[in-house]
Every structure is written in structure tokens, then in C-alpha cells.
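Close look at the chain arrangement
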Amino acid sequence: MLIRYKKNHEKIAMGLLSFMPNVKDLKQLQETIKAYEQNNDWQLFLWKEEDIIGVAGIELINDHKAVLKHLSVNPSHRQQGLGKRIVEALEEMFSDQYDLEPSKYTKAFFQKCQQEECE
Ligand SMILES: CC(C)(COP(=O)(O)OP(=O)(O)OC[C@H]1O[C@@H](n2cnc3c(N)ncnc32)[C@H](O)[C@@H]1OP(=O)(O)O)[C@@H](O)C(=O)NCCC(=O)NCCS
């Protein structure tokens, strides 16, 4: 299930975010997590089963548009449909008010999830 990020999740969230291709070094990782902690329009979620095994970050652009900026799954849990389940859970969570769109970095996977929904 998706849970909202809290400060005590910092280490696990940073570990998962570090797999993002646009997070290049520790400084950028720290700036990214700080942005999620300090900016109300940046919302970070964790996917929790027994452990926390995924992270997803959203930026609310305006009253109708939200962008999936970050998405990462623990390497030991990939290729089992979890990334897709996280995207679906976010779309459901935001669908009342927002159109969820991908960023440059999440676009290819986001589109793959949407193609599979149509099959
Ligand atoms: C991208 C990511 C979240 C997918 O998580 P996952 O739990 O393995 O995803 P799923 O099991 O739901 O889907 C796996 C499918 O997505 C494909 N896929 C993985 N990364 C992809 C990407 N960046 N673009 C397009 N397709 C991708 C896999 O090849 C696989 O395809 P298949 O089913 O045809 O074999 C995971 O690979 C990850 O954390 N990557 C590192 C972070 C990253 O690169 N994030 C940016 C992209 S969102």
C-alpha cells in the first residue's frame, strides 16, 4: 500500500531515490528529499508491504495537473508488477482532482503502464 513519507523514512527513501537516473550524487539526493519535506506541492509516497520497497514522488503543478517526478522499486522486487501497481495506485489516488502526467524521466515506464491498461 501507498503511505505518505515521514521524516523517519528518510534513509530508505533516499536509498530508493538513488536509483533514479536523474539523481546523480549525494548532494542532489539530499536536495531532492529536502524539496519533498519542505514544499507542500511536492509529495512523496512509499510502497509498503512487509518492508518499504518502492518510492514515488509527485509534484502538484496546478489545481488540475500533477507530475510523477520520481518512481523507484527496490531491485530485489522488480519485474513483478510492482512499478505498475504503484502507478495505478497513484492514478487512483489523484484522479478526483488531477491528471497525472509523467516527467521526462518517468515517461517511458508510465507510457508502458498505460499501454498495458488498454490491452
Ligand atoms: C522503472 C521501475 C520502477 C519499474 O519497476 P518494476 O516493479 O520492475 O516494474 P513492473 O514489474 O511493473 O514492470 C516491468 C516492465 O517494465 C519495463 N521497464 C522497466 N523500466 C522501464 C523504463 N525505464 N521504461 C520503460 N519500461 C521499463 C521492464 O522491462 C518490464 O517490461 P516487461 O514486462 O515487458 O518485461 C524499476 O525498474 C526501477 O525502480 N528502476 C530504477 C528507477 C528508474 O529508472 N526510474 C525511472 C523510470 S520510472
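Relevant structure appears above.
A brief structural summary. Everything quoted here is computed from the prediction, not taken from an experiment.

Attention shifts here to the site of the ligand. If you check the shell around the ligand, you find 17 residues, and the closest are Val73, Gln79, Gly81, Gly83 and Lys112. The backbone of valine 73 places a nitrogen or oxygen atom 2.7 Å from an oxygen atom of the ligand. Calculation on the ligand without its partners gives an accessible area of 850 Å², and the protein chains cover 69% of this total. Taken together, the residues that form the shell around the ligand break down as nine nonpolar, five polar and three charged.

Turning next to the side chain of histidine 70. Looking at where histidine 70 falls in the secondary structure, it is placed in strand β4 (residues 65–73). Of note is the side chain of histidine 70, whose polar atom sits 2.7 Å from the side chain of tyrosine 36. What histidine 70 contacts, discounting residues up to four positions off in sequence, is Leu17, Met20, Asn22, Val23, Thr32, Tyr36, Val55, Ala56, Gly57 and Thr106.

If you check the backbone angles, glutamine 79 has positive phi at about 65° while not being a glycine. With respect to the helices and strands, the residue glutamine 79 is situated in the loop between β4 and α3 (82–94). The exposure class of glutamine 79 is exposed, given its relative accessible area of 84%.

Within a regular beta strand, the side chains point alternately toward one face of the sheet and then the other, so they alternate between its two faces. For strand β3 (residues 52–60), the buried fraction is high: eight of the nine residues fall into the buried class. Here strand β2 (residues 42–48) folds back onto β3 in antiparallel fashion, the turn holding three residues. Bridge count between β3 and β4: seven bridges; the pairing is antiparallel. Among the inter-strand pairings, leucine 60 is bridged to a residue of β4, identified as alanine 66. Where β3 folds back on β4, the antiparallel hairpin that results is connected by four residues.

What counts, and at which threshold
Residues numbered from 1 in each chain as written. Predicted model: local features only at pLDDT ≥ 70, side-chain atom pairs only at ≥ 80, totals over all residues. Heavy atoms only, no water. Near = heavy atom within 4 Å. Polar contact = N/O pair within 3.5 Å; in protein donor to acceptor, adjacent residues only side chain to side chain. Areas by Shrake-Rupley, 256 points an atom, 1.4 Å probe, with all protein chains shown as cover. Nonpolar A, V, L, I, M, F, W, Y, C, P; charged D, E, K, R; others polar. Helix = DSSP H or I, 4+ residues; strand = E, 2+ residues; numbered from the N terminus. Contact = heavy atoms within 4.5 Å. Buried < 20%, exposed > 50% of the residue type's maximum accessible area, 1.4 Å probe, protein only. Pairing = 2+ DSSP bridges.

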